[in-house]
Amino acid sequence: MADNTLGSTHRPLRDVVTAELRRLILQGELMPGERLVEDRLAARLGVSRNPVREAIRVLAAEGFVEVTPRRGAAVARLSPDEAEELFDVRVALEGLSARLSARKVTPETADRLRAVLDSARLAVDEGRLGDVADLNTAFHAAVADLAGNAYLSLVVGPLLRRAQWLFQQTAKHRAPHSWTEHLSLYEAIAAGDERAAEARAIAHVEAARRSYLAALSED
């Protein structure tokens, strides 16, 4: 029988465990405030405690985990103020990313963006919200990559992981609207319309902000 535990892979265990714990957090399988008990996580992932401990340190540095004296590690909670700050930065950076992408787009890169959109449409139709969240991030990452600015890509990567965390919390209501907004953004980029691409990217982020704040008010 094949060994499918994380410990059977050939990647450094800390990296593998970090990626898996990040995935569990982003997809809501580990909820904000939930304690991260090393023994339980090690047994769940099929690894020893050491890579789990190392992964928790990495995720704490990324802001996904909070470590407090006596209580230990827990999945972080993002305050409304922190969410607002995240959206403020997204408005600036994703507007820039879309504008540069429209400037540098080619038929081949436009096709790659469209392929991500088509996959997201299928995931929305089939109700696969975890996949929708992943594809939402993949689309934004593809736009940033198309922008062709190494400094922008360096900053946007961690930002998008945080954004996915928020998206997952509103994915049930947000997913269909997000796909439509992505389609509109894609059309502007594919047409090489820098001003429209920037405006639509900003409008998309602002719509995500409103959706998240509305979800908070319902809790």
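Residues numbered from 1 in each chain as written. Predicted model: local features only at pLDDT ≥ 70, side-chain atom pairs only at ≥ 80, totals over all residues. Heavy atoms only, no water.

A. Spotlight on the packing of helix α1 (residues 13–26) against helix α3 (residues 49–62). Following both chains from N to C, one finds α1 and α3 inclined at 55°, their axes separated by 8 Å at the closest point. As summarised for this structure, α1 and α3 are arranged oblique, according to the angle between their axes. When you trace α1 past α3, the crossing you get is right-handed. Side by side, α1 and α3 meet where L13, R14, V17, T18, L21, R22 and I25 of the first sit next to P51, V52, E54, A55, V58, L59 and E62 of the second. Partitioning the contact of α1 with α3 into residue classes produces nine nonpolar, one polar and four charged. (Axes fitted to C-alpha atoms, helices over the stretch in contact; angles between N-to-C directions. Helix = DSSP H or I, 4+ residues; strand = E, 2+ residues; numbered from the N terminus. Parallel < 35°, antiparallel > 145°, perpendicular 65-115°, else oblique. Left-handed = near helix turned anticlockwise from the far one by under 90°. Contact = heavy atoms within 4.5 Å. Nonpolar A, V, L, I, M, F, W, Y, C, P; charged D, E, K, R; others polar.)

B. Quick look at helix α5 (residues 107–125). The first and last C-alpha atoms of α5 sit 27 Å apart over 19 residues, in line with the 27 Å expected at 1.5 Å per residue. Of all the positions in α5, only T109, A110, L113, V116, L117, A120, A123 and V124 are classed as buried. Taken around the axis of α5, the buried residues stretch over an arc of 140°, which confines them to a single face. In α5, the exposed positions angled more than 90 degrees off the buried face are occupied by P107, E108, D111 and D125. Trailing α5 by a residue or two, G127 shows a phi angle of about 70°, which is positive. (Expected span 1.5 Å × (residues − 1). Buried < 20%, exposed > 50% of the residue type's maximum accessible area, 1.4 Å probe, protein only. Arc of directions from axis to C-beta.)

C. Seen up close, a negative patch on the surface. The grouping of E66, D81, E82 and E85 at the surface amounts to a negative patch. Residue contributions to the negative patch peak at three residues, all from helix α4 (residues 80–104). Assignment of secondary structure puts D81 in helix α4. Note on D81: relative accessible area 58%, which makes it exposed. (Patch = residues over 30% accessible without salt bridge, like charges linked within 9 Å, V, L, I, M, F, W, Y side chains within 5 Å. Areas by Shrake-Rupley, 256 points an atom, 1.4 Å probe, with all protein chains shown as cover. Salt bridge = Lys/Arg side-chain N within 4 Å of Asp/Glu carboxyl O. Lys, Arg positive; Asp, Glu negative; His and termini not counted. Charge placed at Lys NZ, Arg CZ, Asp CG, Glu CD.)

D. Region of the structure containing the side chain of H140. Checked against the element boundaries, H140 lands in helix α6 (residues 129–147). By relative accessible area, H140 is classed as buried at 6%. Aside from chain neighbours lying at most four places away, what touches H140 is R90, E94, L160, H182 and H204.

E. Quick peek at the pairing of strand β1 (residues 65–68). Sheet analysis places β1 next to strand β2 (residues 72–75), joined by four bridges and oriented antiparallel. Its bridge partner being in β2, V67 is matched across the sheet by A73. Hairpin connection from β1 to β2: three residues lie between these consecutive antiparallel strands, with R70 at a positive phi of about 70°. (Pairing = 2+ DSSP bridges.)

F. Seen up close, the environment of R121. Mapped onto the elements of the fold, R121 is located in helix α5. Considered as a pair, R121 and L183 are 62 residues apart in the sequence and their alpha carbons are 9.8 Å apart.

G. Representation of the pattern of salt bridges within the structure. Taken as a whole, this structure holds 19 salt bridges when the rule is applied. Between D39 and R49 there is a salt bridge; the shortest N-O distance is 3.1 Å. Remark: R49 occurs in helix α3 and D39 occurs in helix α2 (residues 38–45); sequence separation between them is 10 residues.

H. Representation of the packing of α2 against α3. Remark: α2 packs on α3, axes separated minimally by 9 Å, with the N-to-C direction vectors making an angle of 110°. In terms of axis orientation, α2 runs roughly perpendicular to α3. Relative to α3, the crossing made by α2 is right-handed. On α3, the residues touching E38, D39, L41 and A42 of α2 are R49, V52, R53 and I56. Residue composition of the contact of α2 with α3, by class: four nonpolar, no polar and four charged.

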